[in-house]
Amino acid sequence: MRFSSFLFGLLVLFSLVFSQPDSLNMKLVGMWEPGDTNELITSFAVQDSYLYILTGITSSPYQNIYSINISDPSTPTVVSEITRNSDLGEYPFGVTANTDSFLYGVYYGGHDFSSYGLGILGISQPWSLTVVYAGHIVGGLRDACPYSDSTGTYLACQCIVDSTGVGGIRILDVTVPSSPELLSWYYVPEPIHDGYHIIEHNVCGIDVKYPNLFSFETIERYDTTGPFGGVYESGWIEVKKFDLRDLSSPPVVWRTDEETISDVGIIFWGGVVGDGNIFVSADINDASNSIYFLSYTDDTLVEACESMADIYPLNAVNDTYYTWDARQKVIAINFTDSCSIDTLGYYTFGALGGHRLVVNGQYIFVDSSNAIYILSWLPDQIDGQGYLQQK
């Protein structure tokens, strides 16, 4: 089902409207909830036929980790539960990524952000998880993206880079996961000065599609002489593409035009990378949410489309982009060369908490604060169930 609407830019005035709460090819087939209502789902991962869920306890810093067999998604079955602090070590974990054998995530080694280190859990035996590494080889870890080349396995980490607390990107060699090694290369956003404003230049997210490492960044001019201690005045977004095979080479850079931003600054909703394309979403000013669709090659990073629409990226698999909207709807889309949108499927939730989505085969896993929802997903079977309605 294609929503061409002549030009992609017409989404400025239009929004996606559907005749029923879910498409025929995206259906809720199962869910899992913690037995204790005080447990909140903090993160999860899916590998093969197992779902790994980490929960936090509202009344304490402790945490449980569940290994769940999802061979039959309609009846998820717990095969292992690591309970609270006693089995986890001093502090719990929060998973951000996984490979066939390991979960990688944040190891909470203290109560301030700089003490958020790296945790690695072994999942080769889902019924018996092992803590492979828990330490502070990096601090302030926010995200980790694994990748492999002919020499080993690595993690690109969004984290604190130096002793002053500056955030950026480091690379870890985790070929031997029990003894990760920090590579010498690092990246911090370059300082920008104009002699008047405070200019905040921050890494807001990273992604890896080997051999490319992507950094999503915001730049905001802050006037300290304004009312109430100062206001944001203008800013823009940048995407940088690094070549992981030669990190000494300068990155390829794409940026938006500088424009007036809202008083609270730029709200960056995220960027996800597919095969040859990138989907970026950010609330730059109070007018509407901006979305950008970029294409990339080894040497280029080019804007294909820019528009305004209230859709926000969750994940990308090949050329399919999984998004959510303000109506708590998960929508699978792709973009065509003419900048129109194909809507491949959608499902409406009553409420979502975490907005994390993982695709595993023909199933989609979506989290809220108190449940993991499992959707069946047949992307080639949809029959004209949506249309464009003027706002």
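The coordinates are above.
In short, a report on the structure. (Residues numbered from 1 in each chain as written. Predicted model: local features only at pLDDT ≥ 70, side-chain atom pairs only at ≥ 80, totals over all residues. Heavy atoms only, no water.)

To continue, consider the packing of aromatic side chains. We describe a pair of aromatic rings using the distance from one ring centre to the other and the angle between the two ring planes. According to the stated counting rule, one finds 21 aromatic pairs in the structure shown. Ring geometry for tyrosine 147 versus tyrosine 210: centroids 5.7 Å apart, planes at 20°, classification stacked. One end of the pair, tyrosine 147, is in strand E12 (residues 139-148); the other, tyrosine 210, is in the loop between strand E16 (198-209) and strand E17 (212-223), with 63 residues separating them in the sequence. You can call tyrosine 147 buried: its relative accessible area is 8%. With centroids separated by 5.0 Å and ring planes inclined at 70°, the aromatic side chains of tyrosine 347 and phenylalanine 349 adopt a geometry described as edge-to-face. Given a relative accessible area of 6%, phenylalanine 349 falls into the buried group. Taken together, the aromatic side chains of Phe279, Phe293, Tyr321 and Phe335 make up a single cluster linked through ring pairs. Across from the ring centre of tryptophan 236, 4.3 Å away, lies the NZ or CZ of arginine 255, which sits over that ring. (Phe/Tyr/Trp six-rings, centres within 6.5 Å; stacked < 30°, edge-to-face > 60°. Helix = DSSP H or I, 4+ residues; strand = E, 2+ residues; numbered from the N terminus. Buried < 20%, exposed > 50% of the residue type's maximum accessible area, 1.4 Å probe, protein only. Lys NZ or Arg CZ within 6 Å of the ring centre and 35° of its normal.)

Before going further, it helps to spend a moment on the sheet that holds strand E7 (residues 77-82). Taken in spatial order, the 4 strands make up an open sheet running E4-E5-E6-E7, and their pairing is antiparallel. The open sheet has two edge strands with one neighbour each: strand E4 (39-47) and E7. The average angle at which neighbouring strand axes cross in this sheet is 25°, direction not considered. Bridge count for strand E6 (residues 63-69) against E7 is 5 bridges, and the pairing is antiparallel. Directly across from asparagine 69, in E7, lies its bridge partner threonine 77. (Pairing = 2+ DSSP bridges. Axes fitted to C-alpha atoms, helices over the stretch in contact; angles between N-to-C directions.)

With that settled, consider empty space enclosed by the protein. Per the stated rule, a full pass over the model turns up 2 cavities of 30 Å³ or more. The calculated volume of the second largest cavity comes to roughly 30 Å³. If you trace the second largest cavity, you find it lined by Leu54, Phe93, Gly94, Val95, Leu103, Tyr104, Gly105, Gly119 and Leu121. Only strand E8 (93-98), strand E9 (102-108) and strand E10 (116-122) provide two or more residues apiece to the lining of the second largest cavity. (1 Å grid on protein atoms, 1.4 Å probe; cavity = no way out; pocket = protein on both sides within 12 Å on 5 of 7 lines; lining within 4 Å. Points joined across faces, edges and corners; volume = space filled by probe spheres on them.)

What follows is about the pattern of salt bridges. Counted by the stated rule, this structure contains 6 salt bridges. Between aspartate 275 and lysine 209 there is a salt bridge, and its shortest N-O distance comes to 3.4 Å. One end of the pair, aspartate 275, is in the loop between strand E21 (267-273) and strand E22 (277-283); the other, lysine 209, is in strand E16, and 66 residues separate them in sequence. A relative accessible area of 43% places aspartate 275 in the partly exposed class. (Salt bridge = Lys/Arg side-chain N within 4 Å of Asp/Glu carboxyl O.)

Okay, unusual backbone geometry next. Proline 211 follows tyrosine 210 through a cis peptide bond whose omega is 15°. Positive phi outside glycine occurs at aspartate 48, with the angle close to 55°. Within the secondary structure layout, aspartate 48 lies in the loop between E4 and strand E5 (50-57). Notably, asparagine 318 is not glycine yet its phi reads approximately 60°, a positive angle. Mapped onto the elements, asparagine 318 comes out in the loop between strand E25 (311-317) and strand E26 (320-325).

Volume-wise, the second largest pocket comes out at about 210 Å³. Along its surface, the second largest pocket is lined by 14 residues, and Val166, Gly167, Gly168, Asn202 and Val203 are the ones closest to its centre. Breaking the lining of the second largest pocket down by element, the ones donating at least two residues are E12, strand E13 (153-160), strand E14 (167-173) and E16. Partitioned by chemical class, the residues of the lining of the second largest pocket number 6 nonpolar, 7 polar and 1 charged. (Nonpolar A, V, L, I, M, F, W, Y, C, P; charged D, E, K, R; others polar.)

So, about the sheet that holds E21. Judged by pairing direction, the sheet is antiparallel, and its 4 strands sit side by side in the order E21-E22-E23-E24 without closing on themselves. If you trace the sheet from one side to the other, it starts and ends with E21 and strand E24 (301-308), each paired once. Going from strand to strand, the sheet's axes swing by 15° on average, the running direction of each strand aside. Sheet analysis places E22 next to strand E23 (residues 290-296), joined by 6 bridges and oriented antiparallel. Within the sheet, the bridge partner assigned to asparagine 277 lies in E23 and is serine 295.

With that settled, consider the nonpolar core. Judged by nonpolar contacts, the single largest core of 19 residues is most densely connected at Phe216, Val239 and Ile278. At the level of secondary structure, the elements contributing two or more residues to this core comprise E17, strand E18 (231-243), E21, E22 and E23. In terms of nonpolar packing, the next biggest core, distinct from the first, is built from 17 residues, Leu344, Phe349, Tyr373 and Trp377 among them. (Core = buried A, V, L, I, M, F, W, Y, C linked by side-chain atoms within 4.5 Å.)

On to the environment of aspartate 263. Its location among the elements puts aspartate 263 in the loop between strand E20 (259-260) and E21. Taking C-alpha positions, aspartate 263 is 9.5 Å from tyrosine 222, a pair spaced 41 residues apart along the chain.

Before going further, it helps to examine the side chain of glutamate 220. Tracing the sequence through the fold places glutamate 220 in strand E17. The charged side chain of glutamate 220 is buried without a salt bridge, its nearest counter-charge being arginine 221 at 11 Å. From its side chain, glutamate 220 meets the backbone nitrogen of isoleucine 266 in a polar contact 2.7 Å long. (Lys, Arg positive; Asp, Glu negative; His and termini not counted. Polar contact = N/O pair within 3.5 Å; in protein donor to acceptor, adjacent residues only side chain to side chain.)

We now examine the pairing of E21. E21 sits mainly inside the fold: 5 of its 7 residues count as buried. In this sheet, E22 lies alongside E21 in antiparallel orientation, the contact comprising 6 bridges. Bridge pairing in E22 places glycine 270 opposite serine 281. In this structure, the hairpin formed by E21 and E22 is closed by a connection of 3 residues, where glycine 276 is found at a positive phi of approximately 85°.

These figures come from the coordinates and say nothing about function on their own.
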